Amino acid sequence: MAPDTPASTPPTLNDLRPGRRARVRRHRAAGPVRQRLLDLGILPGTCIAMVRSAPLNDPVEIRVGAVSVTLRRHEARTIEVEADDA
Amino acid sequence: MPERKGILVALAGQQNAGKSTLFNLLTGARQHVANYPGVTVDKKQGRYSDREGVVYTVDLPGTYSLSPFSMEERVAREFLLGERPDVVVDVLDAANLHRALHLTVQLSEMQQNLVLALNMMDVAARSGLQVDADRLAARTGLPVVSTVGNRGKGRGDLRRAVRSAAGQRGPSPLRVDYGPLEAAIQELERQLSSWPGLEELPLRWLALGLLQGDTEAVRLLRQHMGREAARGLQASAGRHIQVFEAQEGVDTGDHITRCRDEAIRGLLTEVIRSQREGRPTLTQRVDRIVLNRWIAPAFLVLTVFLIYQISIVWGYELTNHTWPLLAGLREWVAGLLPDAGFLVDPYTRSLGLWLVDSANTLLNYVPIFLILFALIALIEDSGYMARIAFILDKILHRFGLHGQSTLPLILGGVFAGGCAVPGVMATKGIPDQRARMATILTVPFMNCLAKVPLYTLLLGIFFPGEKTLMMFYISTMTLVFALLVSRLLTTTVLRGQETSPFIMELPRYHLPTITGVLRRAFDRTGQYIRKVGTVVLAVAVVVFVLLHFPGLPKAQQAEFAARAEAAVERFENALQGNAYAAAATGANLVPLMNYYTDYNRAKLNAAGAEGSRRVAERFQTRNPDFYPLVKPPPGDRDARKAWRELRVLARERKSLRREMREQRIVQSVLGSIGRGLEPITRFAGFDWKINVALLSSFAARESSVATLGVLFQPDEDGNATLEERMGEETRAGGATALLAVSMILFFALYPPCLATTLMVKVQTDSYRWMVFSIVFPTALGLTVASLVYSIGTAVGATGLQAMSAVYWGAVILLLLVGLLVRPPQPTPLRPTGERNHRRRLPFMGGA
């Protein structure tokens, strides 16, 4: 993990409320998780939208381009996001 | 591998791109499914002929990329490198072209000879995308064919494109510029090209692999150039990575992905012409309802209920109509086999009928399975199955399972009725190894169709008034037990298994095609019949032998023979002077007895007056001499007397045969085993008869009821049902409803049947897990049954009290574990190389 993270932890996909959009800043995950996220089109700089969470709050559904992807909050926490300026 | 007389074509593509439909379109019905050697990934093969010859076609597993992380990706990669297909058809989802082209770039870097199949053009058009196929062809330099797989469009074009591409294998035209990394790539490529024996391999792809730390690429190099040289190259790549990451401040893997993404983005600005943004698609609108927080659970319950209602309830009614066919088959076989003797039947007859009965119990379920598998294919193909995983993952994950465990559990029979064999088979799709193992080991706890008859039997005897409540307990208890067991296993024996995250695409909804659904339903049913059928028949023979040998001692046989002779003598004496004496005695006696039993059985099964009339006609023509003896004409006093004597003799014969059979079983191998187990099983209240039934049910669940039927034989004409007989006998033996509860609990937890354990072997690829899948549930079942029976007896609980206590105890435990105890932690992934060596695929070209 980079030592230069600001005092307040940067927001992640997990913090995004349903209906909100954000831009992927970077992935904290490594290995297969990172690869799978990249393969599904979740690249740094991509705009993603939080669609909904499952009836029991976990996992969540997000929209990347024309695709709906579901992932657990555990993994959503590894995706740092920033406000989408576009 | 197919012989390479013709050409070999592989279909590659991302998941949900419609690859399978296109494969079906291309090859038609001539296809079969096998496994890739050593792994549980399906390998679909087929072939077709065009004007120039045969085209062997392989459907590769759907992969998002060619990274070496998942089993499917490794299988696809190694096939492409090892088999070097003449053409690779890359199936692209036109509505999701951006992501699809990432795979195209990687295939092209692997120097595959590509044809692009631009599929789902209709979906793209509907979502406002206009994809210019000609532009795509021009920009990529690859042949492009537009197809709509599920409407059968584009087959001719695709076949033609494949044939013309097969002739020409040029340098790969699609090339991404990796900017600041190019120097390193080319340097490594140069080093690689100086090695002899690597000409066959895609060098640029290898260089890129080295720069991303791809362990599989390294392994490939080790095979081709030896350990030392490969290590040297790896070190050199490592230096390049260090330099690059220091200069650019970005991971090489990310850089490579980003370069590809930019190249694709640039390409697409010319290919995709117009785009309406913002309007939600049909799928999004449907999901707003179907995945709504409050509606989703209700909709899911409704779906599962419908599956249950249509396949199990209505399917069961359907078997009432198909059963006469199977019964007819039995009669037909019985006619072919040698006739029954007076006391002892020839072995060919008894074994033959035994086998037919075993096969029939299995075939009886075929209509149910066809419907069940068709419905499940419908749910899978429509896209809802992935949503079920989304809704349930939270609960299942807490107990060590996975969202995708839902399908195996449904197939196994969550509520009532299913089969563990297809259930275990369906665990193939679960990406998380630990959850997959847990699913494999818990699916057999579900209520398979064959457990139901025993439950029905026991409830009928011991809980006539509380049937509904008990059935509710039984059908929901299994899930409670399965979750608890799964949780137990994942925190103990499965702790070290690899886990992987739940990251999954929710595919677009689409209308499944009838042929696709039917093909899947018939395929799966066929697999069930083949896999289960062979095992059940083989085991039926073994059980038959175990029940028949060593057979009765000579003295006892002589005793039975003497009793039979005495009975026959009495009969013959009584008939002296009777007009029918000649027809009924001597050599005619045994055929007459069989005729009599056949007639009575036929009359019992005949429906209505019309049916009875037909039976009468049939038997009159079969033997006009015997007919008056089984149906005395009015006023014929001799016939009436003979008929009465015949009835006495038949009863005598039946009771003798029953006694013999029981004696034979008592002294048989299985009987001795059953008695030998009594000291252990008596804590659960099981006597040797029950032990024998449970042992034989390991062969196939159905046989538990059948064996109990044999053991609790009717005394008289068989008017009493098995329920009544068993009730009388066991109650006379001091058995209580508590014993029934003990049996039900044992049966619910008891090991999977033999067919399932074989499937466990196939799916886990390990005999150790197979043995575990037998030993663990047996121990668990026996423990639970013994505790319940012993404690229940000690405190004098009724059956219902004991059952309620177990049920609510389990539910409370489930809630405690689910809500309070920390869920199983993910196991960090081991380096992929380690696992790959264990499950290496043999078709890689060795050095």
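Note that this is a predicted model, so its numbers are computed, not measured.

Caption draft 1: Region of the structure containing the overall build of chain B. When its secondary structure is counted, chain B shows 37 helices and ten strands. Counting every position in chain B, which comprises 847 residues, the buried fraction comes to 44%. Here the contacts in chain B between residues at least 6 apart in sequence split such that 73% fall between residues at least 24 apart.

Caption draft 2: Region of the structure containing the interface of chain B and chain A. Every contact between the two is made by 30 residues of chain B and, on the other side, 28 residues of chain A. Listing elements by their share of the side of chain B that touches chain A, those giving two or more residues are helix 3 (97–109), helix 10 (252–271), helix 12 (295–336), helix 15 (384–398) and strand 10 (503–506) of chain B. A total of five residues in the side of chain B that touches chain A trace back to one element, the largest contributor, which is helix 15 of chain B. In the side of chain B that touches chain A, the residues fall into 15 nonpolar, seven polar and eight charged. Here strand 4 (residues 67–71) of chain A runs beside strand 10 of chain B; their pairing, made up of four bridges, is antiparallel. Pairing of A:T70 across the sheet is with B:M504, part of strand 10 of chain B.

Caption draft 3: Examining the nonpolar core more closely. Residues and elements named next belong to chain B. The biggest cluster of nonpolar side chains holds 217 residues, and the ones touching the most others in it are V115, A117, L118, V162, L458 and I744. Top element by residues in this core is helix 33 (residues 737–749). It accounts for twelve residues. Per-domain counts for this core show at least three residues from each of domain 1 (7–167) and domain 2 (179–275). Once residues lying within four places of it in the same chain are set aside, the contact partners of L118 are L92, A94, V131, A133, L136, V144, V145, S146 and T147. Judged by nonpolar contacts, the second largest core, of 19 residues, contains A567, Y580, L592 and L629.

Caption draft 4: Here's a closer look at the confidence of the model for chain A. Residues and elements named next belong to chain A. Overall, the prediction assigns chain A a mean pLDDT of 85, with 88% of residues at 70 or greater. Across chain A, strand 3 (residues 60–64) holds the top mean pLDDT of 94, while helix 1 (residues 31–39) sits lowest at 86. The low-confidence segment residues 1–7, where pLDDT is below 50, has one contact with residues more than four positions distant or belonging to other chains.

Caption draft 5: Region of interest: the packing of helix 12 of chain B against helix 13 (residues 347–363) of chain B. Residue and element names in this part refer to chain B. Between helix 12 and helix 13, whose axes approach to 10 Å, the crossing angle comes to 170°. Put simply, helix 12 runs roughly antiparallel to helix 13. Remark: the crossing between helix 12 and helix 13 carries right-handed chirality. Counted together, L326, L329, R330, V333 and A334 of helix 12 and G352, L353, V356, N360 and L363 of helix 13 form the full contact between these two elements. Residues of the contact of helix 12 with helix 13, tallied by class, amount to seven nonpolar, two polar and one charged.

Caption draft 6: Region of the structure containing the sheet that holds strand 2 (residues 47–53) of chain A. Strands sit in the order 5(A)-1(A)-2(A)-3(A)-4(A)-10(B) across an open sheet of six strands; the sheet is antiparallel. A strand with exactly one partner marks an edge of an open sheet, and here the two such strands are strand 5 (79–82) of chain A together with strand 10 of chain B. Adjacent strand axes in the sheet meet at a mean angle of 40°, parallel and antiparallel pairs treated alike.

Caption draft 7: Here's a closer look at the confidence of the model for chain B. All names here are of chain B. Per-residue pLDDT for chain B averages 83, and the proportion of residues at 70 or more is 90%. Between the elements of chain B, mean pLDDT differs from a low of 37, seen in helix 37 (residues 832–838), to a high of 94, seen in strand 5 (residues 87–93). Note that pLDDT drops below 50 for residues 713–719; the model gives that stretch seven contacts with residues more than four away or on any other chain. pLDDT under 50 marks residues 829–847. Its contacts with residues more than four places away, or in other chains, come to 35 contacts. In the model output, the complex is listed with pTM 0.81 alongside ipTM 0.90.

Caption draft 8: Structural detail: the environment of B:R219. Position of B:R219 among the secondary structure elements: in helix 9 (residues 215–248). Sequence separation of B:R219 and B:A230 is eleven residues, and the distance between their C-alpha atoms is 8.3 Å.

Caption draft 9: Broad picture of the domain arrangement of chain B. All names here are of chain B. You can read the domains of chain B as domain 1 (7–167), domain 2 (179–275) and domain 3 (554–664). Relative to domain 2, the C-alpha centre of domain 1 lies at a distance of 24 Å. Domain 1 puts 19 residues into the contact, and the matching count from domain 2 is 17 residues. Contributing elements (two or more residues each) for the side of domain 1 that touches domain 2: helix 2 (71–83), helix 3, strand 7 (129–131) and helix 5 (133–140). The biggest single contributor to the side of domain 1 that touches domain 2 is helix 3, with six residues. When the residues that make up the side of domain 1 that touches domain 2 are grouped by side-chain class, the tally is eight nonpolar, five polar and six charged.

Caption draft 10: Summary view of helix 2 of chain B. Over its 13 residues, helix 2 of chain B extends 17 Å from the first C-alpha to the last, a length consistent with the 18 Å expected when each residue adds 1.5 Å. By the burial criterion, the buried members of helix 2 of chain B are B:M71, B:E72, B:E73, B:R74, B:V75, B:A76, B:R77, B:E78, B:F79, B:L80 and B:L81.

Caption draft 11: Region of interest: the environment of B:K654. Along the polypeptide, B:K654 turns up in helix 27 (residues 637–667). The spatial distance from the C-alpha of B:K654 to the C-alpha of B:P507 is 63 Å, given a sequence separation of 147 residues.

Caption draft 12: Molecular detail of the environment of B:D93. All names here are of chain B. Locating D93 in the fold gives a position in strand 5. Take D93: there are 26 C-beta atoms within 10 Å of it, and that puts it in the buried class. Expressed as a C-alpha distance, the spacing of D93 and V123, which sit 30 residues apart in the sequence, is 9.0 Å. D93 has contacts with Q14, N16, A17, G18, A100, N119 and M120, leaving out every residue within four places of it along the chain.

What counts, and where the lines are drawn
Residues numbered from 1 in each chain as written. Chains lettered and ligands numbered in written order. Predicted model: local features only at pLDDT ≥ 70, side-chain atom pairs only at ≥ 80, totals over all residues. Helix = DSSP H or I, 4+ residues; strand = E, 2+ residues; numbered from the N terminus. Buried ≥ 20, exposed ≤ 12 C-beta atoms within 10 Å, placed from the backbone. Contact = placed C-beta atoms within 7 Å. Nonpolar A, V, L, I, M, F, W, Y, C, P; charged D, E, K, R; others polar. Pairing = 2+ DSSP bridges. Core = buried A, V, L, I, M, F, W, Y, C linked by C-beta atoms within 7 Å. Domains from an automatic or database assignment. pLDDT = per-residue confidence, 0-100. Axes fitted to C-alpha atoms, helices over the stretch in contact; angles between N-to-C directions. Parallel < 35°, antiparallel > 145°, perpendicular 65-115°, else oblique. Left-handed = near helix turned anticlockwise from the far one by under 90°. Expected span 1.5 Å × (residues − 1).

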